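Structural overview
The residues making up each chain are set out below.
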Amino acid sequence: MINTFDAEGCYVGRTSVTDKVRLRAGDPVVLAYEVVLNASEYNTIYNVPPITCTRLFSFIPQADAHYVLRGDITYVDGKNMFGKSIAIRSCEAGLMQRLQDGSLADVPVTTLGLYHKRWNCLQARPPQPHQEEDDED
């Protein structure tokens, strides 16, 4: 998903992207990687409900660069507090730049969260230590 914000930085919508898209070089872009896995694929193995993975982040595209967004939900074996074996899921997403030789290099991104600026305005910004909502009067 590519997220859209107004002049004040308030969230106004998003566009689903399933193919190539052109981005303006030098302007920050806010992306959301989202995937929902159907429980039926994992129910027999892990006995879990549908799984949603969402990662919100931003980066500044460079001129003439090509990027690849990748994400996955992975599992590792773990134990719960009762010692029962469980699968611990992890949601991962990252941005890679395709280099001239076809190889991929990690692109630094800024992880974001959505926060209230005021009652009708959500802004994307990096997570901050817990603080009171900064609603405007």
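These numbers come from a predicted model, not from an experiment. (Residues numbered from 1 in each chain as written. Predicted model: local features only at pLDDT ≥ 70, side-chain atom pairs only at ≥ 80, totals over all residues. Heavy atoms only, no water.)

Details of the packing of aromatic side chains
One pass over the structure, following the stated rule, counts 2 aromatic pairs. Relative to Tyr11, the ring of Phe5 has its centre 5.8 Å away and its plane inclined at 70°; by these criteria the two rings are edge-to-face. Residue Phe5 is classed as partly exposed on the basis of its relative accessible area of 23%. Considering the side-chain rings of Phe59 and Tyr67, the 4.9 Å spacing of their centres and the 65° angle between planes classify their relative orientation as edge-to-face. You can call Tyr67 partly exposed: its relative accessible area is 23%. (Phe/Tyr/Trp six-rings, centres within 6.5 Å; stacked < 30°, edge-to-face > 60°. Buried < 20%, exposed > 50% of the residue type's maximum accessible area, 1.4 Å probe, protein only.)

Quick look at the side chain of Gln123
Along the polypeptide, Gln123 turns up in strand 10 (residues 121-125). Relative accessible area serves as the criterion here: at 17%, Gln123 is assigned to the buried category. Within the structure, the side chain of Gln123 is placed 2.9 Å from the backbone oxygen of Glu8, a separation counted as a polar contact. Excluding residues within four positions of it along the chain, Gln123 makes contact with Glu8, Gly9, Gly113, Leu114, Tyr115 and Lys117. (Helix = DSSP H or I, 4+ residues; strand = E, 2+ residues; numbered from the N terminus. Polar contact = N/O pair within 3.5 Å; in protein donor to acceptor, adjacent residues only side chain to side chain. Contact = heavy atoms within 4.5 Å.)

Some words on the nonpolar core
If you look at the biggest cluster of nonpolar residues, it comprises 7 residues: Ile2, Val29, Leu31, Phe57, Phe59, Leu95 and Val107. Setting aside its immediate chain neighbours within four residues, Leu31 contacts Met1, Ile2, Asn3, Arg55, Leu56, Phe57, Phe59 and Leu95. One finds Tyr33, Ile73, Tyr75 and Cys91 within the second-largest nonpolar core, a separate group that totals 5 residues. (Core = buried A, V, L, I, M, F, W, Y, C linked by side-chain atoms within 4.5 Å.)

Considering the pairing of strand 1 (residues 2-5)
Where strand 1 meets strand 2 (residues 11-15), 4 bridges bridge the pair, whose relative direction is antiparallel. Across the sheet, residue Asn3 finds its bridge partner in strand 2, namely Arg14. Linking two consecutive strands that pair antiparallel, namely strand 1 and strand 2, is a turn of 5 residues; a positive phi of about 90° is found at Gly9 within it. (Pairing = 2+ DSSP bridges.)

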